[in-house]
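# Fold and contact review
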Amino acid sequence: MKTRFQIARAIAEGLIAAGIIIITVASLALKDTGWRDPLYVVSLVLLVLALIIVCTWCRCPKCGYPIFKNIIGMKNCPQCSWPLNQTPPVQKKKQK
């Protein structure tokens, strides 16, 4: 099962890639067609959504440390060195 961090990383990668592709298409579009400004707005919305997802979901699964920089290439948590592709161990509840 994927962790919340892995899902957030995949969604953020897709949104960033889509935003960059739409910006490229918008910059190549002709000014007279009327497609340039709406495409810029859509790409801006996608990039802002990616930023919101990174800020809210991209945390270490074990210690909860927020990871904002280099989420795509990061392998281990900078705080606790936990491998980000593993799920954290389930803590057993204490019996009364």
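### Observations concerning helix H1 (residues 4-28)
Between its first and last C-alpha, H1 extends 36 Å over 25 residues, near the 36 Å set by a 1.5 Å rise per residue. Buried residues belonging to H1 abut helix H2 (36-57).

### Details of the packing of H1 against H2
Axis angle and axis distance: for two packed helices, these are the angle between their axes and the distance between the axes, and together they describe the pair. Following both chains from N to C, one finds H1 and H2 inclined at 160°, their axes separated by 8 Å at the closest point. Taken together, the axes of H1 and H2 are roughly antiparallel relative to one another. H2 is crossed by H1, and the crossing has left-handed handedness. Partitioned by chemical class, the residues of the contact of H1 with H2 number 22 nonpolar, three polar and two charged.

### Remarks on the environment of Tyr 65
Examined against the element boundaries, Tyr 65 turns out to sit in the segment after H2. Measuring from C-alpha to C-alpha, the distance between Tyr 65 and Cys 77 comes to 7.8 Å, with twelve residues separating the pair along the chain. Once residues within four sequence positions are removed from consideration, Tyr 65 is found in contact with Cys 58, Arg 59, Cys 60, Cys 77, Pro 78 and Gln 79.

### Section: unusual backbone geometry
The phi angle at Ser 81 is positive, at roughly 60°, despite the residue not being glycine. With respect to the helices and strands, Ser 81 occurs in the segment after H2. According to the relative accessible area criterion, Ser 81 is exposed, its value standing at 52%.

### Concerning the side chain of Ser 43
Looking at the element boundaries, Ser 43 is found in helix H2. The residues touching Ser 43, leaving out its near neighbours within four places in the chain, are Gly 19, Ile 22 and Ile 23.

### So, the environment of Pro 83
Tracing the chain through its elements places Pro 83 in the segment after H2. Assessed through its relative accessible area of 23%, Pro 83 is described here as partly exposed. Sequence separation between Pro 83 and Lys 62 is 21 residues; the distance between their C-alpha atoms is 9.4 Å. With near-sequence residues (within four places) excluded, Pro 83 lies in contact with Lys 75 and Asn 76.

The rules behind the values
Residues numbered from 1 in each chain as written. Predicted model: local features only at pLDDT ≥ 70, side-chain atom pairs only at ≥ 80, totals over all residues. Heavy atoms only, no water. Helix = DSSP H or I, 4+ residues; strand = E, 2+ residues; numbered from the N terminus. Expected span 1.5 Å × (residues − 1). Contact = heavy atoms within 4.5 Å. Axes fitted to C-alpha atoms, helices over the stretch in contact; angles between N-to-C directions. Parallel < 35°, antiparallel > 145°, perpendicular 65-115°, else oblique. Left-handed = near helix turned anticlockwise from the far one by under 90°. Nonpolar A, V, L, I, M, F, W, Y, C, P; charged D, E, K, R; others polar. Buried < 20%, exposed > 50% of the residue type's maximum accessible area, 1.4 Å probe, protein only.

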